[in-house]
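# What the coordinates show
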Amino acid sequence: MASRRVVVMASGTGSLAEAIIAAAGEAYEVVALIVDRDCRALEVAQVSGVASVAVIYKEYADREQWNCDLRDALRSFQPDYIVSAGFMRILGAPVLEEFGGRIINTHPALLPAFKGAHAVRDALEHGVRITGSTVHVVDAGVDTGRIIAQVAVPVALDDTEESLHERIKVQERALIVRVLNSSDPVAAQ
Ligand code: GRF
């Protein structure tokens, strides 16, 4: 099997990106990391020798133009798959029309529960005893795409948002790596 070309997109500390890059091997290679803001994920790419591109969202008055520039940056790396790994932006039509069905997102909750940017806090406030992480295909909605894989994480009675998120991220990193190493990363598993 030829190694798949994966582009990772991130907005934060980049620990998911780091795990994805570290686990690259026979099944896939990470050909680039793209960020939408100045963040630690950029350092992760630099330390790992992975090409990085910043398409800084805040520098754009026009959201459509940002999407077009993001699409062009993605296109330049000819990805087989794109992983949104802590990338905190909704993808618009220009990106989805070109790469739809091949973009994978990882979310820190058991979808369809707790969609959106505050999934860990929302799960904690709701009082669920089990939450987790979901890897899913990206569509035009917010965390609405078809589910690929999930992992459950029990909530401790004394959990804070930070402690719970850290435990979820441990599972989340393993889950996305497992999905990328599978024979078909967008098939349910
Ligand atoms: C992950 O939990 C991801 O699902 C969420 O943000 C976190 C990213 O963590 N959207 P990191 O920046 O990769 O450490």
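Okay, so let's go over this structure. (Residues numbered from 1 in each chain as written. Predicted model: local features only at pLDDT ≥ 70, side-chain atom pairs only at ≥ 80, totals over all residues. Heavy atoms only, no water.)

### Brief notes about the layout of surface pockets
Taken as a whole, the largest pocket holds about 830 Å³ of empty space. What lines the largest pocket is a set of 37 residues, among which Gly86, Phe87, Met88, Pro108 and Ala117 lie closest to the centre. The dominant element in the lining of the largest pocket, judged by the number of residues it contributes, is helix H6 (residues 161-181), at 4 residues. Of the residues belonging to the lining of the largest pocket, the class tally is 13 nonpolar, 16 polar and 8 charged. (1 Å grid on protein atoms, 1.4 Å probe; cavity = no way out; pocket = protein on both sides within 12 Å on 5 of 7 lines; lining within 4 Å. Points joined across faces, edges and corners; volume = space filled by probe spheres on them. Helix = DSSP H or I, 4+ residues; strand = E, 2+ residues; numbered from the N terminus. Nonpolar A, V, L, I, M, F, W, Y, C, P; charged D, E, K, R; others polar.)

### A few points about the packing of aromatic side chains
Counted by the stated rule, this structure contains 2 aromatic pairs. For the ring pair Tyr57 and Trp66, a centre distance of 5.0 Å and an interplane angle of 80° mean the geometry is edge-to-face. For the ring pair Trp66 and Phe87, a centre distance of 6.2 Å and an interplane angle of 15° mean the geometry is stacked. Of the two residues, Trp66 is situated in helix H3 (residues 63-76) and Phe87 in the loop between strand S4 (81-84) and helix H4 (93-99); the sequence distance between them amounts to 21 residues. On the accessibility criterion, Trp66 (0% relative accessible area) is buried. Through pairs of rings, three or more aromatic residues link up here, namely Tyr57, Trp66 and Phe87. Positioned above the aromatic ring of Tyr57 is the side chain of Arg89, whose terminal nitrogen or guanidinium carbon lies 3.7 Å from the ring centre. (Phe/Tyr/Trp six-rings, centres within 6.5 Å; stacked < 30°, edge-to-face > 60°. Buried < 20%, exposed > 50% of the residue type's maximum accessible area, 1.4 Å probe, protein only. Lys NZ or Arg CZ within 6 Å of the ring centre and 35° of its normal.)

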